[in-house]
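Architecture and fold: a report
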Amino acid sequence: MRPGLRRRAGHLALALLVAGWAQAAMAHVQQAEAAGLLTGLLHPVSGLDHVLAMIAVGLWGAQLGLPAIWVLPVAFPLVMAMGGMLGFLGVPLPGVEIGIAASAIVLGAAVAFELRPPLVIAALLVGCFAIFHGHAHGTELPPGQSALLYSLGFVIATGCLHALGIGIGTVHGRAWGRPLLRAAGAAVSAGGVFFMWRAFA
Amino acid sequence: MTGTRASSMRARALVPLGLALVCGPAQAHLNATGMGPIYDGLLHFLTSPEDLVPALALALLAGLRGATCAKRTMFTLPAAWLLGTVGASTATAANGGSFAAALWFVLLGALVLADAKLSLRAMTMLAALVGLAHGYLNGSGMGLSSNSIVAALGLAAAVFVCVVLAAAIVVPLRSRWARIVVRVLGSWIAASGILMIGWSLRGS
């Protein structure tokens, strides 16, 4: 890395650290806004089933390359928001836990077997599963917290998990990375099987 | 040390001492100076995501469209916001503000995501509409007074600074990946707007 870039990266890391260190501002009359944001940010990362599926979206996108590498992580939060809207409205969706577990199984398998469907099919598949994740988030908004900041928080956290998946998935470009990526997909799929078993247990 | 130099130094030391002695009260409490409402307006914008995020989304869109659009937006949006706030200050408090904000989230987020090729005129009109609508929602119920006008000025100043900063980050971006990152941010804004619509509908 060039010295200039390294210095900039250092500055950015410092700024992120300072930003992350900040306490809730409590500057506004509305209460529980900071709590809403934090709950939203933590919600997707608090369940391993969500984490596995969202990272798998990034892994698959990275494996498929352009334009899927950014189309899939865009499609997921958008459709997930629609699922979340259904959850907010109290519209029931049967088999949410099964759908979430199935998303990890299928998306992990897609990475493990290096499936390359057309972009539309891949986006539709990702979108279908996103509804289940969104519905689970939407129904679990804690009472008294800001819905807007909760929403922003969980969309941002979801996007960051996709970005993490994409980051890991970049190993696909190296000869040693391809089998490693497929193994990661298989691990995600195995995790999905565990959650499916738990959903039925 | 020569006598001349020493007396010169003494004279220099006396100047700040003299200034310190003649200073007036600190006026640290902004109510006394009338500056308080400026910060009320400024902080209202900075701590209200339903106002802040659409302004940032518009700045991202303007930045994607280039320097001319960004320059036009950075003046049009605060001016329209100020006009809307002052114009609505005699109106009764508006209902449905969160639903309207949600619609702006979806529209502006979708435009950023699509990297919509809006003309300069369309961008100006969009900025004016966003500013007037949000200004109206901010101003309604405030009541027309000198304090509310000063608060509106603070609000418009905050809008201006936010738009300038966000657009200034996006305008120089040329690489494909950097622009994709901006478009992904747009998708997040649109997704949050969809969720807010659900929340608003549940509330109503």
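Cut-offs used in this document
Residues numbered from 1 in each chain as written. Chains lettered and ligands numbered in written order. Predicted model: local features only at pLDDT ≥ 70, side-chain atom pairs only at ≥ 80, totals over all residues. Helix = DSSP H or I, 4+ residues; strand = E, 2+ residues; numbered from the N terminus. Rg over C-alpha atoms; globule rule 2.2 N^0.38 Å. Buried ≥ 20, exposed ≤ 12 C-beta atoms within 10 Å, placed from the backbone. Contact = placed C-beta atoms within 7 Å. Expected span 1.5 Å × (residues − 1).

1. Details of the overall build of chain A
The helix and strand inventory of chain A stands at eight helices and zero strands. Counting from the amino terminus, chain A carries its helices and strands in the arrangement α-α-α-α-α-α-α-α. Relative to the globule expectation of 17 Å for 201 residues, the C-alpha radius of gyration of chain A, 18 Å, shows essentially globular dimensions. Its C-alpha atoms put chain A at 55 × 55 × 30 Å along the principal axes. Scored against the burial criterion, the 201 residues of chain A give a buried share of 47%. Taking all contacts inside chain A whose residues are at least 6 apart in sequence as the whole, residues at least 24 apart take part in 88%.

2. Considerations on the interface of chain B and chain A
Chain B puts 20 residues into the contact, and the matching count from chain A is 24 residues. Elements supplying a minimum of two residues to the side of chain B that touches chain A: α4 (49-65) and α9 (176-203) of chain B. Sorting elements by how many residues they give to the side of chain B that touches chain A places α9(B) first, with 15 residues.

3. Looking at helix α7 (residues 147-169) of chain A
Helical geometry: 3.6 residues make up each α-helical turn, so side chains three or four residues apart lie on a common side. In a regular helix each residue adds 1.5 Å, so 23 residues correspond to 33 Å; α7(A) covers 33 Å between its end C-alpha atoms and thus fits that length. With 17 of its 23 residues buried, α7(A) lies for the most part within the structure.

4. Some words on the environment of Leu195(B)
In this fold, Leu195(B) is placed in helix α9. Considered as a pair, Leu195(B) and Ala158(B) are 37 residues apart in the sequence and their alpha carbons are 26 Å apart. Dropping the residues within four chain positions of it, Leu195(B) is found in contact with Ala81(A), Gly84(A), Met85(A), Phe88(A) and Ser151(A).

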